[in-house]
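# Structural overview
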2 protein chains.
Amino acid sequence: MARVLTPRAEDFPRWYQDVIAKAELADNGPVRGTMVIRPAGYAIWERMQSDMDGRIKAAGAQNAYFPLFIPESYLRREAEHVEGFSPELAVVTHGGGKQLAEPIVVRPTSETVIGEFMAKWVSSYRDLPLLLNQWANVVRWELRPRLFLRTSEFLWQEGHTAHATEEDARAYARGILHDVYEDFMRQMLAIPVVVGRKTVRERFAGATSTYTLEGMMGDAKALQMGTSHELGQNFAKAFDIVFSSAEGRQEHAWTTSWGTSTRMLGGLIMAHGDDNGLRVPPRLAPIQAHVMIVKDGEGVAAEAAKIRDALRDAGIRVGFDDRVDTPFGRRAVDAELKGYPVRIEVGPRDLAAGNVVVVRRIAGTKTPTPVTGVVSAVTAALAEDQQALYDEALARRESHTVDVSNVDAAIEVAATGWARVPWSAIGAEGEAKANAQGVTVRCL
Amino acid sequence: MARVLTPRAEDFPRWYQDVIAKAELADNGPVRGTMVIRPAGYAIWERMQSDMDGRIKAAGAQNAYFPLFIPESYLRREAEHVEGFSPELAVVTHGGGKQLAEPIVVRPTSETVIGEFMAKWVSSYRDLPLLLNQWANVVRWELRPRLFLRTSEFLWQEGHTAHATEEDARAYARGILHDVYEDFMRQMLAIPVVVGRKTVRERFAGATSTYTLEGMMGDAKALQMGTSHELGQNFAKAFDIVFSSAEGRQEHAWTTSWGTSTRMLGGLIMAHGDDNGLRVPPRLAPIQAHVMIVKDGEGVAAEAAKIRDALRDAGIRVGFDDRVDTPFGRRAVDAELKGYPVRIEVGPRDLAAGNVVVVRRIAGTKTPTPVTGVVSAVTAALAEDQQALYDEALARRESHTVDVSNVDAAIEVAATGWARVPWSAIGAEGEAKANAQGVTVRCL
Ligand SMILES: [Zn+2]
Ligand SMILES: [Zn+2]
C-alpha cells in the first residue's frame, strides 16, 4: 500500500497537515490565515458544539448574540487589552461605499460589548447572576497560521457572567471548568486533561485567577484546550457593572469569562490520530458505524441497507457507502483516514456464510460477524473503544510525565514530555528561566 | 393598566420597535446598523435554526464553514455582483498592525468563495450532486436599519448546490422551497406563505429562476421570508465548476442557492404580534408553558414545582417564575409581552380549591383547571393554538387579498393589502408602472 500520510515519528507537524488534507477536514481560505471547515470537519465541530451547548445550558447560562463589529474606541477603554490585541486586530475603514468617521474593529472577542450591555441590564441584585454565552466567529490576525490551532478567524464560545459575590463567581468559573469543560473533554473527547491554575505570568489580562485545561498530544507536547477566568471586580469596574444589593448599597459585580474553540478539533486530531489517520471517539463521532458494500452481488445491497437500518434503529449514527464503482481499497483507506470508529464491510463472499466483517478502527481488529449479531457487536465495540482511546491517552500522559525537583531537571524533561515539579522549587524566577528555554509552566 | 405598547393601528412600525424592546428580543449594537440579539430573541432563533437544520440535512445537504474574509478581487470576478453589493460592503484595510496589500471584504454572502471551492472539489459526475449549507453571519451595510428586518450584520443560512443536470438542480431548488422552507414556515412559524416565482425584474442577479416565499404581516404588507434560486450554468461558468460526465465529456454543472435569515424573526413578530406583545406559535416556542407562582402560601411553591416537573415529563418546554417579590401584575404583563403560549398561574386561593388558572395567550382564555388536569389541558391548548394562529393569519391574508384584472386596480388595492391579478394583464410594462407607484410584483 502506498504511503498515505507522513508518519508521526518522522515529522509530526507535517503528519498533522496531511491528516487534515487527506481526511478532508479543512482547507486554507483565500485570505491568509483563514480556513474552510469542510463537511467532515464541521460535522465533528457540530457534535462538540451541541454536547457542550447542552452542558452550558444545564449550568444555567443563556445564549445571546453580540455584533461582529466593535467601535475602535471600545478597545481603548481597557488599556491592558489594547496592548494585548492591537497587532491582532482586523480594522474596517470603509463601509457603505465611503470612508468611516470612526474605524471599526472586527471582534477579537465580544468582551467589551458584553461588558457594556451587562452594565445596562444589571441594576439590582435581583438581576444577578447574569449568565450569558455566545457561539460566534472571532478574528485575531495570525502571522504563522496552522489550521484549527492558530487561524486568523476561528469559531468559539465565550461565556461571560456577573455575580453578586466573589464566592458565587468563583463557584461558577470552577463549575464551568469542571462540569462543563473537563467532563466534556474526558467523556466526549476521551482526552485526560490536566486541570489547574495558570501562573501570574501566564494569566489572562485582568483576571484574578485563570484556570486551564491542558491535553497531551501525540508528540507529548501540551495543548491548551480551554480556559475559565475569575475576573474579580476588575472587569465590572472597567465597564461600570454596578448593582444595588439587598441592603441597598451600590456594589460592583464579580465577573467570570470562559471559552473553548475550534482549536479543540486540532487537539482531537493530535491526541488520537495515528499513522493511518484520524481516530474519532465513538461518543463524539458524527458517523459511529460506517456500512460499506465491498462489491455487488446477489442480495448484497439489500442486506447492507437492512444492517444500516437496524443500526440506526438502535440509535447508532450510521454512514453508508455503496460506491461500488470506486475500488474498495481506496474507500477503505478513506474510512481509516476519516477515523470512523467501526466499519461494517458487506461483501458477497462473507454474506454467503451469513457474515459481514466488523472492523474496529481503535482496537485494530477485523472480525467476521454473523449478520444477526452486528448490532450488539457494534454497540459493545463503541463503548469499549471510547474507553480504550481514553486509556491510551492517559497511559501516554503518564509515561511522558516525570516528577522532578528543580527547574533545570524540568527543562530537560520538557524536551520529551511533561515535568511535574513543586511550584515552591520554581517560583516566578524559575519560571522566567524556563521560559527563556522555550518551556512554559502550563498548570499549577 | 398603563399602556405598554403603541397600538398597531396607531403606528405599526413604532409598535414593532416597542415589542422588540419590551419583550427583550434585541437591542441596537454600538456600531450603527448592528444588533444585539438578547436571550429571549436568540432562543427563538435557535429553535428556528435547529428545526430547519434538521430539514436541510434530511434534504441531503451537509454543513460546512467558509471564511468571513474574502479578497476584494473575488467580488470583481462577477460583474453583476459588484454592482449589486458595492455600496453594501464593509472593507478591511488594516490587519496585523499594518495596511494590507489587498483590501479584504467582510462577506456579504459566501457565494464567491463557495464557488471557488466547488470548482476544486468537483471533477467527475461521481462528485455530484454536491450539497452544501452554511450557518453564518454576513454583513451588508445598511443605511436605514431596522432590527431583524434590515441590519448591517445578520445571521442566516445559505445553501449552495451543484448538479449534473438542469432537471436535478431544478428539483432540488424546488424541494428546498417547498419541503424545507414552505413546510417550516407553515408548520412551525404558522405563517401561510404564498410561494411562487419572481418576475425577471425582481430576480436575483445570475439566476434563471428565483422562487420566493411571501408572508402577510399584521399591517397587510408583504415580507419576503426566504428565496431559492436556480442559477442554470451561469454560476458554474463564472467559477469554472466543470465535471466529466459518465460519457467522458467536460460539462458545466447546474447550481442552486437558497437562503433564510434572522429576518424571519421580524416576520414572526409582525405576523403574529398583537397589542399586548409577541405571540409565539407553540411548536416553535422555546417556552411553551410558563408556570408562575402568583404569591406565596402554604404548599404553593411545592405544587408549582410539581406541575412544572409533570409538564416537563410530558415533553413540554417549561418556564418557571417564582419571583414573588416582584408584583404579579408586572410579571403577567411581561409574560404577555414575551408571548408564551400558555401560562399556569399557581396561587394560594385557587389551590385551596384544587385549581390553578390556565391562561392561553392565543385563545385569550383564563380557565380555572384542576391540578390533575393541567398536563392534558396544556397539551390540548398547544395543539389547538398552533392551528388557531395559522388560521388567523390565513383569514387575514384572504380578507386582504383582492382579485383584480388590471394594473391600476392592483395599485389601488395594494394600498390596503394584496392584489391577485393575471400576469397577462400586467406584463413587464405594467410592472414598471406599478413599481413607479411603490407597488411590487411579489410572486407569480
Ligand atoms: Zn478584561
Ligand atoms: Zn452569482
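Refer to the structure presented above.
First, a word on scope: everything that follows refers to the structure included in this document. (Residues numbered from 1 in each chain as written. Chains lettered and ligands numbered in written order. Predicted model: local features only at pLDDT ≥ 70, side-chain atom pairs only at ≥ 80, totals over all residues. Heavy atoms only, no water.)

## Details of the packing of aromatic side chains
How we decide: Only rings of Phe, Tyr and Trp enter the pairing, Trp through its six-membered ring, and a pair is recorded when the two centres are within 6.5 Å. The plane angle decides the type: under 30 degrees is stacked, over 60 is edge-to-face, the rest tilted. Only protein chains enter the calculation, and the probe is 1.4 Å; a residue is then buried if its accessible area is under 20% of its type maximum, exposed if over 50%, and partly exposed in between. Think of it as a cone above the ring: NZ of Lys or CZ of Arg counts as a charge over the ring if it is within 6 Å of the ring centre and within 35 degrees of the ring normal.
As enumerated under the stated definition, the model contains 20 aromatic pairs over all chains in all. Each ring, one from phenylalanine 154 of chain B and one from tryptophan 156 of chain B, has its centre 5.9 Å from the other, and the planes form 90°; the classification is edge-to-face. The class of phenylalanine 154 of chain B is buried, set by a relative accessible area of 14%. For tryptophan 156 of chain B, a relative accessible area of 12% translates into the label buried. By way of ring pairs, the aromatic residues Phe66, Phe117 and Trp121 of chain A are connected into one cluster. Positioned over the ring face of phenylalanine 320 of chain A is arginine 308 of chain A, at 4.5 Å from the centre of the ring.

## Things to note about the sheet that holds strand 14 (residues 254-261) of chain B
Residues and elements named next belong to chain B. Filter applied, for reference: By definition, two strands form a pair when at least two bridges between them are found by DSSP. Think of it this way: any DSSP run of H or I at least four residues long counts as a helix, any run of E at least two long counts as a strand, and we number them from the N terminus. Whether two residues are in contact is decided by their heavy atoms, any of which lying within 4.5 Å being enough. The axes used here are C-alpha line fits, helices contributing only the stretch in contact, and every angle between their N-to-C directions lies in the interval 0 to 180 degrees.
Read from one edge to the other, the open sheet built from seven strands follows the order 3-7-8-14-11-10-9, with strand pairing classed as mixed. In this open sheet, the two strands that pair with only one neighbour each are strand 3 (62-63) and strand 9 (194-197). Note: strand 9 against strand 10 (residues 209-216), four bridges, orientation antiparallel. Across the sheet, the residue bridging to arginine 197 is tyrosine 211, located in strand 10. The sheet contacts of helix 8 (residues 263-272) involve strand 10, strand 11 (222-230) and strand 14, and relative to strand 11 the element is tilted by about 145°.

## Quick notes on the interface of chain A and chain B
How we decide: Summed over both partners, the accessible area (1.4 Å probe) lost when two parts come together is defined as the buried area. Salt bridge, as used here, is a side-chain nitrogen of Lys or Arg placed within 4 Å of a carboxyl oxygen of Asp or Glu. Whenever a nitrogen or oxygen atom comes within 3.5 Å of another N or O atom, the pair is scored as a polar contact, on the condition that within protein one atom can donate a hydrogen and the other can accept it, and that pairs from neighbouring residues in sequence are kept only if both atoms are in side chains. Note on residue categories: nonpolar means Ala, Val, Leu, Ile, Met, Phe, Trp, Tyr, Cys or Pro, charged means Asp, Glu, Lys or Arg, and polar means any other residue, Gly included.
Every contact between the two is made by 53 residues of chain A and, on the other side, 53 residues of chain B. Taken over both partners, the interface formed by chain A and chain B buries close to 4,300 Å², and the fraction arising from carbon and sulfur atoms is 65%. Three residues stand out in chain A for area buried against chain B, namely Pro30, Tyr65 and Phe69 of chain A, and they jointly supply 15% of the buried area on that side. In this structure, the connection of chain A to chain B is made through four salt bridges. Its salt-bridge partner being arginine 126 of chain A, residue aspartate 325 of chain B comes within 3.2 Å of it at the nearest N-O pair. At the boundary of chain A and chain B, one finds 22 residue pairs in polar contact (both at pLDDT 80 or more). Per-element tally for the side of chain A that touches chain B: the top contributor is strand 5 (residues 90-95) of chain A, with six residues. Looking at the side of chain A that touches chain B, its residues break down into 32 nonpolar, twelve polar and nine charged.

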